[in-house]
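# Notes for the structure review
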Number of protein chains: 2
Amino acid sequence: MERVKARTLSGFMELLPAHQIQFERVKAVLEGTYQRYGFTPLDTPVIEASEVLLAKAGGETEKQIYRFTKGDTDLSLRFDLTVPLAKYVAMHHNELAFPFRRYQIGKVYRGERAQRGRFREFYQADIDIIGDGSLDIINDAEIPSIICQTFTALGLKRFQIRVNNRKVLNGFYAMLGLTDKAGDIMRTVDKLPKIGADKVKELLMEEEIGLSGDQADEILKFIAITGTNTQVLAALESYQGRSEVFDQGLEELNTVVKYLSAFGVPEENFAVDLTIARGLDYYTGTVYETFLLDYPEIGSVCSGGRYDNLAEYYTDKQLPGVGISIGLTRFFYVLQEQGLLNDALPTAPADVLVLPMTEDLSAAVAFTTACRSAGVKAQLYTEPKKFKAKMNYADKLGVPYAAFLGEDEVKNGVVSLKDMTSGEQEQVSLSAAPRWLMDKVSVLNQGAPIKG
Amino acid sequence: MERVKARTLSGFMELLPAHQIQFERVKAVLEGTYQRYGFTPLDTPVIEASEVLLAKAGGETEKQIYRFTKGDTDLSLRFDLTVPLAKYVAMHHNELAFPFRRYQIGKVYRGERAQRGRFREFYQADIDIIGDGSLDIINDAEIPSIICQTFTALGLKRFQIRVNNRKVLNGFYAMLGLTDKAGDIMRTVDKLPKIGADKVKELLMEEEIGLSGDQADEILKFIAITGTNTQVLAALESYQGRSEVFDQGLEELNTVVKYLSAFGVPEENFAVDLTIARGLDYYTGTVYETFLLDYPEIGSVCSGGRYDNLAEYYTDKQLPGVGISIGLTRFFYVLQEQGLLNDALPTAPADVLVLPMTEDLSAAVAFTTACRSAGVKAQLYTEPKKFKAKMNYADKLGVPYAAFLGEDEVKNGVVSLKDMTSGEQEQVSLSAAPRWLMDKVSVLNQGAPIKG
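Read on for an overview of the structure. No experiment lies behind these values; they were computed from the predicted model shown. (Residues numbered from 1 in each chain as written. Chains lettered and ligands numbered in written order. Predicted model: local features only at pLDDT ≥ 70, side-chain atom pairs only at ≥ 80, totals over all residues. Heavy atoms only, no water.)

## Description of the overall build of chain A
Across its full length, chain A holds 17 helices and 16 strands. When the backbone C-alpha atoms are referred to their principal axes, chain A occupies close to 90 × 55 × 45 Å. Expressed as a percentage of the 452 residues in chain A, the buried residues total 57%. Nonlocal contacts in chain A, meaning residues at least 24 apart in sequence, comprise 68% of its contacts between residues at least 6 apart. A total accessible area of about 18600 Å² is found for chain A, and carbon and sulfur atoms account for 46% of it. Across chain A, the mean location of the 50 positive side-chain charges is 6 Å away from that of the 61 negative side-chain charges. (Helix = DSSP H or I, 4+ residues; strand = E, 2+ residues; numbered from the N terminus. Buried < 20%, exposed > 50% of the residue type's maximum accessible area, 1.4 Å probe, protein only. Contact = heavy atoms within 4.5 Å. Areas by Shrake-Rupley, 256 points an atom, 1.4 Å probe, with all protein chains shown as cover. Lys, Arg positive; Asp, Glu negative; His and termini not counted. Charge placed at Lys NZ, Arg CZ, Asp CG, Glu CD.)

Now the structure itself:
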């Protein structure tokens, strides 16, 4: 027979079993946290009509789309979860209760140039809160608390959520009469950490943007405001009264900071940071980025913000919202690369491998069934192999326990349970063994998916 | 602004929030059961190289494929989870431990003609056990026990797993000297429930198949063997000694039946049924179909079987396996259509909606946070709406509990908790309330996803 070489496309993550279990564990923490915050799960199609999906898209995004026809229908694979959400909310406006809080963890597709750590198929994990007509600012304070809870539950400690408000930035540029140039200026200022203040000033004064030296200095002075959240907010007060937009932005920022501690976000996990702008045009108020303090080179691992109008391409309803997104596939890839995954947690498919030592397997089958009923993940090994091969299999799977059922055990109503890590072995009665295993395994599974 | 009509493609399931939660609940039961049986989760890409995905496919399947090019790469969306498994196992043969037990619940794509209850994007939920060179027959007995556990955990009682063995059928046709015609005969016999025995006999004797009257009678007599499992197996014994293949098939069938009760499968959920053949060519031994006894018109909701060689298109390794697949999207659609979903279980995104009645929200935020820490799914309502609008929102979400925090409550360190179903309301101390809610909600969530 002519054979085809089995391969997986580059840019598509496909994990080996142990890594897949680690991935599932990270994903489960996200789902659990989102659910505890009262977000409802959504699952929209991967394929949409191109006309619907690309109502807004353009430029770089459109080039990356997987787009094709089937029959005479023009189809595209979703490239994010926000456009499908907009479609969904516009379609089902009358059936939904607002504020509408949803999470979605799903694969999206972008035909980017393949390179290390860049994926063409990747999971996004999004949460959004959508209001009908209006949405209170306190939702903007809840969002960082969700990020904080999620990251803490994952086992991370040294992370920081950086928050800003686009109205503060827009208002500030309005004060300087630079509203038209605000976009260009923000993109230039974004380069500050990479190229330094002098170079930024130079770029701001070049012909394309064309600021005066004074204007550039004002901007650099503003961006340089740092310190504790209280200090930054106090420094911003001195700009008050010169732009309505600025004043509103500052009030919002103050409210967000005020409620954050009530939401349980520790001071060290959160900072007002005037350099955070989020390039995307549709953010209109609060913006967030989240950094792992020991891995700044990764960039933001969780970003988002407030937008005025989710679904304007589909409906005349005003639907403001606030949300965040984690690029889960890339995040997991980075955790793996940096050796941050907690390898102490079991990654075997089963908690116990049951090894029958008798010809009739009925006793072993019954014991395996009893384990499963008790909630223990149990696998029965039935292949007629030598003892050594069986133990090699147990080792390769990485099961925490092996259970031996020989004639003596069956006769005495016991099972020999071997701790595969320590090598210790003890006999436990068949009736007590499932609970015994469950207790042991619960202890083994304690701990977060990421090293602290 | 010019608007695009928001719509979802026909043949693509997109659920409203309450139904999505019901779907997730069904899916969670499948995942939980598969894990307890020691299957490891896999997640392969939706997109594969066409050359890899279509190594085997042909005919009807190939026409249904979503196939397209991106750049100069010929791509296809997966149409099942078996071909990606074959690819995966061939690629990672050296890294996997055999028997390799995996489950995968994922979306697959088939561009079928759209009609009610037919989906172009749908979840399959597959489990397979793959051996390296050989795989013991007892695995074939474990598979029905997994189906049984899954369906029982879902809340179903009146279902029956029907089991047969292709070797029994093939051996029987070999006895009659009809090996070449076995495929045509089985396809014709498959029509028995629809068209009756006389019409089947007629078709068998028509030119295309061309059996004699005696041969047709022999076949109908064989297929008519029914009764308890013991009776059917006893009747089959009379055919022994005339075909090696038949004898081997009967021995396998006997072993499967023998171990089923040890695996905890009740007699009423399981039947040896000689009419089950499974059209697919690659099944070579045990075959399964599962029926809901009160809804025979739905057809099989969970099917599968034993195959000799999973990945022959990719590798010269002999990889026998046994597995089953549930068409989860269609299954859920049917449950919904037949009114079988257990609507007594909560479908709200939150267990409790916290309604602050004071201007400063700090106390309400702190209480909501405490609920979440205790594992209660809690949502804080922050919109400045009238009381009636807030209660309408709680009703529309279907939250089981509303929590009121007014000035009196805050002063006295209590919260008023209202049971939204009964209308009863009581005050509970702020510190005791999260646990109080958790206990109530645990009771509400008892019960299976499907009505008994």
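## Observations concerning the sheet that holds strand β5 (residues 100-109) of chain A
Residues and elements named next belong to chain A. Spatial ordering of the open sheet is given by β1-β5-β6-β11-β10-β9-β7-β8, a layout of 8 strands whose pairing is mixed. Pairing within the sheet leaves two strands with one partner each, and these edge strands are β1 (40-41) and β8 (270-272). By the bridge criterion, 7 bridges tie strand β6 (residues 121-130) to strand β11 (residues 321-327) in an arrangement that is antiparallel. Across the sheet, residue Asp-126 finds its bridge partner in β11, namely Ser-325. Each of β7 (159-165) and β9 (283-292) touches helix α6 (residues 166-175); the most contacted strand, β7, lies at about 45 degrees to it. (Pairing = 2+ DSSP bridges. Axes fitted to C-alpha atoms, helices over the stretch in contact; angles between N-to-C directions.)

## Re the packing of aromatic side chains
Tallied over the entire structure, the rule returns 39 aromatic pairs over all chains. Arranged with centres 6.2 Å apart and planes meeting at 20 degrees, the rings of Tyr-88 of chain A and Phe-100 of chain A form a pair that is stacked. With Tyr-88 of chain A in helix α4 (residues 82-91) and Phe-100 of chain A in strand β5, this residue pair connects regions lying 12 residues apart in the sequence. By relative accessible area, which is 0% here, Tyr-88 of chain A ends up buried. Connected via pairs of aromatic rings, a cluster forms that spans Tyr-66, Phe-68 and Tyr-109 of chain A together with Tyr-66, Phe-68 and Tyr-109 of chain B. Over the ring of Phe-39 of chain B we find Arg-101 of chain B; its NZ or CZ atom is 4.5 Å from the centre of that ring. (Phe/Tyr/Trp six-rings, centres within 6.5 Å; stacked < 30°, edge-to-face > 60°. Lys NZ or Arg CZ within 6 Å of the ring centre and 35° of its normal.)

## Considering helix α4 (residues 82-91) of chain B
Side chains three or four residues apart in an α-helix point the same way, a direct result of the helix having 3.6 residues per turn. With 9 of its 10 residues buried, α4 of chain B lies for the most part within the structure. For α4 of chain B, the complete set of buried residues consists of Thr-82, Val-83, Pro-84, Leu-85, Ala-86, Lys-87, Tyr-88, Val-89 and Ala-90 of chain B. On its buried face, α4 of chain B sits against α1 (17-36) of chain A together with β2 (47-49), α2 (50-53), β5 (100-109) and β6 (121-130) of chain B.

## Overview of unusual backbone geometry
The amide bond that connects Phe-98 of chain A to the next residue, Pro-99 of chain A, takes the cis arrangement and shows omega of 0 degrees. As for its position among the elements, Pro-99 of chain A is in the loop between α4 and β5.

## Section: the state of the cysteines
This structure, assessed with the given rule, holds 0 disulfides over all chains. Not part of a disulfide, Cys-148 of chain A finds its nearest cysteine sulfur in Cys-302 of chain A, a span of 11 Å. With a relative accessible area of 3%, Cys-148 of chain A lands in the buried category. For Cys-371 of chain A, which is in no disulfide, the shortest distance to another cysteine sulfur is to Cys-148 of chain B and amounts to 18 Å. The exposure class assigned to Cys-371 of chain A is buried, which follows from its relative accessible area of 0%. (Disulfide = S-S within 2.5 Å.)

## Here we look at the relation of the copies chain B and chain A
Between the two copies of the chain lies a relationship made up of a rotation around an axis and a movement along it. After a rotation of 180 degrees and a shift along the axis of 0.0 Å, chain B superposes on chain A with an RMSD of 0.0 Å. Both copies are brought into coincidence by an operation consistent with a two-fold rotation axis. Residue Phe-68 of chain B, judged by its C-alpha, is the member of chain B lying nearest the rotation axis, at 3.1 Å. The share of interface residues of chain B whose copies in chain A are also at the interface is 100%, consistent with both copies meeting through the same surface. (Least-squares fit on C-alpha atoms with pLDDT ≥ 70 in both.)

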